[in-house]
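Here are the chains, one letter per residue:
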Amino acid sequence: MACRFYLFFSLSLLLFTPPSNSQSNQFCEAGIGYGEVGCGISSSTKLLIKGGTVVNAHHQEVADVYVEDGIIVAVKPDLKVSDDVKVIDATGKFVMPGGIDPHTHLAMEFMGTETIDDFFSGQAAALAGGTTMHIDFVIPVNDSLIAGLETYEEKAKKSCMDYGFHMAITKFDDIVSRDMEIIVKEKGINSFKFFLAYKGSLMVNDELLLEGLKRCKSLGALAMVHAENGDAVFEGQKRMIQLGITGPEGHALSRPPVLEGEATARAIRLAGFVNTPLYVVHVMSIDAMEEIAKARKSGQRVVGEPVVSGLVLDDSGLWDSDFATASKYVMSPPIRASGHDKALQGALSNGVLQLVGTDHCVFNSTQKAFGIDDFRKIPNGVNGIEERMHLVWDTMVESGQISITDYVRVTSTECARIFNIYPRKGAIIAGSDADIIILNPNSSFEINARSHHSRTDTNVYEGRRGKGKVEVTIAGGRVVWENNELKVVPGSGKYIEMPPFNYLFSGIDKADASYLSSLNAPVKRSKSTT
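Report on the accompanying structure. A quick note: this is a predicted structure, and the numbers were derived from the prediction, not measured.

**Section: the pattern of salt bridges**
Item 1. A full pass over the atoms with the stated rule returns 30 salt bridges.
Item 2. The partner of Asp118 in a salt bridge is Lys158, and the shortest N-O contact between them spans 3.7 Å. Note that Asp118 is positioned in the loop between strand 8 (113-114) and helix 2 (121-128) and Lys158 in the loop between helix 3 (145-155) and strand 10 (162-169), a separation of 40 residues in sequence. With respect to burial, Asp118 and Lys158 carry one shared label: buried.
Item 3. The partner of Lys425 in a salt bridge is Asp433, with the nearest N and O atoms 2.9 Å apart.

Below, the structure is given as structure tokens:
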């Protein structure tokens, strides 16, 4: 069975744009097991990366890296190995942990359609860009967490790299509360997402959010929020339509930064009221970033996640006269006006924001055209799973805004720490999984839809060039990207369970005890008698 794009377990032919021959030829042509000899995949389980600069989040050194059976065995200078070991020369290059993308939506049913990248094509694109693990969001089925998880487990059977899951919460009752415990204790999911936007579908109100925050705290699970005021966005959308603004620019105008800032502040205050850590996904505006900065300065445990589109793009594309071009930039929260991007870069460099995701949620131009007469019907989402590692390097490292060790931290290590899988992931040390990239700082890259590996026919970073290219990707000890060739097969990825009570929960119980002792209540009063 061919593994070409046009056989990628495709959705509907109406929604699919066939790739060029150059794209499809980069995939193996035999649907065999990962690790068997064939379609260019080596059967060797031993690998030596020689002479590179090994970079971890807090240290870098020139050393060799020896890998056996998918695990890093040794990191030392001048390692000697037997002749049966594959050797990769990394002299003059950086050897770093593979990227971990904390925020993706593969094979997600949304706005009357389904994202065009599934768990094979999206992950294949990720590997070509140096990301070796991602965490996707499970959407409940008819508000059932268990049914939703079963659906996503089936979707993920075609995975070609390691992955984990977050779980969305769309209602709250005794059944959901019980299932949250099962999800955490038995299914390896340690985070729950609450949408404060998308009124009428995914959005939750403050009462539900409070119940969810309390349950997350009791389970040691991290609460995550999509922070936009959904009621106000709904009003903003009606206002735009009344003004006759029906194109993609109406999307941004209907949900301005103030609504992101308000929802971010509200979620932070409610999380503080409950005293549980909070993770704010896709921080897109100065307004939201400043609320996070204020909370962190006060000592509250808040994580801010910018996404690569918010770091490197502005909203000018939404005003393009060509609908197909403008609509590809529609995502929520929207890409903001020029100035927000630079502010978010600064916040990432000074630690206000901690790690970079993508919110990779792609629809092709046919799907985007569902909203040609009404921006409210344009499926929301942009690409980024393949481009993130290159763009963060070019934007943040090449400009001198962050160090090379910080690059590792914001693209890999901090995600592994937050979701409690460090040092299995996010590190190049003995005992860690052999998920490794080799980046050549002197190589250059160019992004375009003709050569990317996503199934979508557009790219919001079209034509962008930069320095620093991932030349080799190693996943689970196997070389899957080398010499601009991708060698992967469906079904080879592993589900990574993520335990609860990450480092953000340390000391929460002491803070609760301190709060209770400070109340000076209840006051003992004698009952008056008459």
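**Topic: the pairing of strand 1 (residues 46-55)**
Each regular strand carries side chains that alternate between the two faces of the sheet.
Item 1. With respect to burial, strand 1 is a largely interior element, seven of its 10 residues being buried.
Item 2. Counting the residues between successive antiparallel strands, the hairpin from strand 1 to strand 2 (residues 60-68) contains four residues.
Item 3. Bridge analysis of strand 1 against strand 4 (residues 86-89) gives four bridges, and the strand direction is parallel. Residue Ile49 lies in a different strand from strand 4, and its bridge partner there is Ile88.
Item 4. Where strand 1 meets strand 5 (residues 94-97), two bridges bridge the pair, whose relative direction is parallel. When the sheet's bridge partners are listed, Val54 is paired in strand 5 with Val95.

**Notes on the nonpolar core**
Item 1. Counting 113 residues, the largest nonpolar core has Met96, Phe192 and Phe194 as the members making the most contacts within it.
Item 2. Excluding anything up to four places from it in sequence, Phe194 contacts Ile169, Val204, Leu208, Leu209, Gly212, Leu213, Cys216, Ala223, Met224, Val225 and His226.

**Some words on helix 3**
What sets the pattern is the α-helix's 3.6 residues per turn: residues three or four places apart point alike.
Item 1. Of the residues making up helix 3, those classed as buried are Leu145, Gly148, Leu149, Tyr152 and Lys155. Summarising the axial view, the buried residues of helix 3 lie within an arc of 115°, below the 170-degree limit, and thus occupy one face.
Item 2. Between a side-chain oxygen at the N-terminus of helix 3 and the backbone nitrogen of Ala147 the separation is 3.1 Å; the capping residue is Ser144.

**Observations regarding the packing of helix 4 (residues 174-187) against helix 5 (residues 206-219)**
Item 1. Following both chains from N to C, one finds helix 4 and helix 5 inclined at 35°, their axes separated by 11 Å at the closest point. Two packed elements cross with a definite hand, and for helix 4 against helix 5 that hand is right-handed. Judged by residue contacts, Ser177, Met180, Glu181 and Val184 of helix 4 engage Gly212, Arg215, Cys216 and Leu219 from helix 5.
Item 2. Residues of the contact of helix 4 with helix 5, tallied by class, amount to four nonpolar, two polar and two charged.

**Details of the environment of Ile385**
Item 1. As for its placement among the helices and strands, Ile385 is situated in the loop between helix 13 (365-368) and helix 14 (388-397).
Item 2. Residue class for Ile385 comes out buried when judged on its relative accessible area of 0%.

**Overview of the sheet that holds strand 10**
Item 1. Spatially, the seven strands line up as an open sheet ordered 6-9-10-11-12-13-14, and their pairing is parallel. Taken across any chain shown, the strands that pair with only one partner, and hence form the sheet edges, are strand 6 (99-104) and strand 14 (302-304). Between one strand axis and the next, the sheet turns through 25° on average, direction left out of account.
Item 2. In the sheet, strand 13 (residues 278-280) pairs with strand 14 via three bridges, with the strands oriented parallel. When the sheet's bridge partners are listed, Val280 is paired in strand 14 with Gly304.

Scoring rules and cut-offs
- Residues numbered from 1 in each chain as written.
- Predicted model: local features only at pLDDT ≥ 70, side-chain atom pairs only at ≥ 80, totals over all residues.
- Heavy atoms only, no water.
- Salt bridge = Lys/Arg side-chain N within 4 Å of Asp/Glu carboxyl O.
- Helix = DSSP H or I, 4+ residues; strand = E, 2+ residues; numbered from the N terminus.
- Buried < 20%, exposed > 50% of the residue type's maximum accessible area, 1.4 Å probe, protein only.
- Pairing = 2+ DSSP bridges.
- Core = buried A, V, L, I, M, F, W, Y, C linked by side-chain atoms within 4.5 Å.
- Contact = heavy atoms within 4.5 Å.
- Arc of directions from axis to C-beta.
- Polar contact = N/O pair within 3.5 Å; in protein donor to acceptor, adjacent residues only side chain to side chain.
- Axes fitted to C-alpha atoms, helices over the stretch in contact; angles between N-to-C directions.
- Left-handed = near helix turned anticlockwise from the far one by under 90°.
- Nonpolar A, V, L, I, M, F, W, Y, C, P; charged D, E, K, R; others polar.

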